[in-house]
Structures are given as structure tokens and as C-alpha cells.
Amino acid sequence: MNGWVMWILSVVQSVDPVLRVILAGIGILLETSIFIGLIIPGDTIVVVAATATGGPVEYFALAIAVIIGALCGESIGFLLGRFFGPRIRASWLGRRLGEGNWVRAENYIDRRGGIAVFISRFLPVLHALVPLTVGMSTMSYRKFLAWTFPASTIWSFAYVSVGTFAADSFTALINRLHYAGYLFVGIVVLFSILVVVIKKVVERNEARHMAMPGDGDANTIEDD
């Protein structure tokens, strides 16, 4: 296992640091754009890129690039929703996503407003649909950005940190532990399980807001 992990890390580290940061930012931009987020695993991109961070400068550069990429991608989704939302929803691709998912996103934004924008960044499917759905709602871009910025920041630092921590732990222990590679994998797997559990709990707690329509104003918050 140590050999495999060393090979993976060496491949990632062989990429120029600047190029690596740029690619990660572009990958997240695509991940957070409408529909593409359902295909490209943004969390994997960030964790892999983070395993090659060579110090605080690279760490923060990667985290900031991921935040910028996420904001740009979600802004694209918002603008697409503002100008082409109904057409996209009625398109073949929009229908493939299922009308049920569109209704859930619409209800959620309608009932929870900015809170839905924040929470949806951490939920499957909705994180790709919400930006476009918000674009079709009464919420302003400024308010949308005010809620998605902190969510993107938390998401970025969480994934960059776990990738960096896993790689640093492996590097520090490889000469002392034969199972250092398993430790590396264990950290990533444990984090992934924790993320899945948190997403399930949050989605279950918020499910009632996705099942019922609101008052038609995405700027109001309904708690019942």
C-alpha cells in the first residue's frame, strides 16, 4: 500500500504547483456549473490536488482558487437560471434530472431563502440545481452571493485540509510504519463517511421544506 500511495502522490506532485491550482479551480468551476456538478466529482479533485500542497502558501492558494472556482461556477448557474431557466428546465437534459428534483429545489429556495443556498452546497443533486433555481426566483444575485460565499469557503477549506493532512501524515510516518499507506486511505475514507452521514442527517432534517411550496418569495424564510 505504501508503494501505491507514494506513486499517486509523486504523480500529483509532478504537476507544476501553479498549473495544479489553476486546474483545481477550473475543475470546481465546472463542478458547480449547472448539471456538470452531477458528473464531475469536485470533492475528489480538491482532495487529490491538496495531497501535493508544499506549505502554507500552496495550501491557501489552492483553497482560494477552489473558492473562486466555486463562486464563478455558481454565478454561471445563477445567470443561466435568470436568462434561460425555464428553457433549460423544459429541455431534454432538464427532464432527465427529473421534475421531482426541480420541484424540491424550487420549494426549498421558496421556503428557506438564503439558508437553502448555504445548506444546498453540501447536499447531493441540489448543489447543482439550486444556483439555477435561485436565478429563476425573486432572490437577488447579491443576496445569493452573500449566502453561497461562506458555504463555498467552508467546503473548500474542509476538503483542502483533509487532503493536506492525509498526505502530511503519510509522509511523516512512512519511514516508521509499514501501514502508513493504510493510514492515508483511512483518513480519506473516514472523512468521506463522515461527510455522507452529515449530508444524510441534514437532508432528512430539511426534507419537509423541500416537500411543500412556499409563498413564492425566495427572500422570506419559513420555519414551519
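Residues numbered from 1 in each chain as written. Predicted model: local features only at pLDDT ≥ 70, side-chain atom pairs only at ≥ 80, totals over all residues. Heavy atoms only, no water.

Trainee: Can you explain the overall build of the protein chain? Please cite residues and give values.
Mentor: Regarding its fold elements, the protein chain presents 10 helices and 0 strands. What you see for the protein chain is a C-alpha radius of gyration of 19 Å, in line with the 17 Å of a compact globule of 224 residues. Projected onto its principal axes, the C-alpha positions of the protein chain cover 60 × 30 × 30 Å. With 224 residues in all, the protein chain has 45% of them scored as buried. For the protein chain, the share of sequence-separated contacts (at least 6 apart) that also reach a separation of at least 24 residues comes to 78%. (Helix = DSSP H or I, 4+ residues; strand = E, 2+ residues; numbered from the N terminus. Rg over C-alpha atoms; globule rule 2.2 N^0.38 Å. Buried < 20%, exposed > 50% of the residue type's maximum accessible area, 1.4 Å probe, protein only. Contact = heavy atoms within 4.5 Å.)

Trainee: So what's going on with helix H9 (residues 141-173)? Which residues, and what values?
Mentor: The end-to-end C-alpha distance of H9, which contains 33 residues, comes to 47 Å, matching closely the 48 Å that a straight helix rising 1.5 Å per residue would cover. The largest bend in H9 amounts to roughly 25° and is located at Thr148, with the proline Pro150 lying one to four residues further along. (Expected span 1.5 Å × (residues − 1). Bend = angle between axes of the 7 residues up to and from the residue.)

Trainee: Hey, could you go over the nonpolar core for me, with residue numbers and the actual values?
Mentor: In terms of nonpolar packing, the biggest core is built from 27 residues, with Val46, Leu62, Tyr159 and Val160 touching the most fellow members. Considering every element that reaches this core, the biggest residue donor is H9, with 7 residues. One finds Ile88, Leu97, Ile119 and Met139 within the second-largest nonpolar core, a separate group that totals 20 residues. (Core = buried A, V, L, I, M, F, W, Y, C linked by side-chain atoms within 4.5 Å.)

Trainee: Which residues make up the environment of Gly114, and what values do they have?
Mentor: Relative to the helices and strands, Gly114 resides in helix H7 (residues 114-120). Residue classification places Gly114 among the buried positions, given a relative accessible area of 2%. Leave out the neighbours within four places in its chain, and Gly114 touches Met139, Lys143, Trp147 and Ala218.

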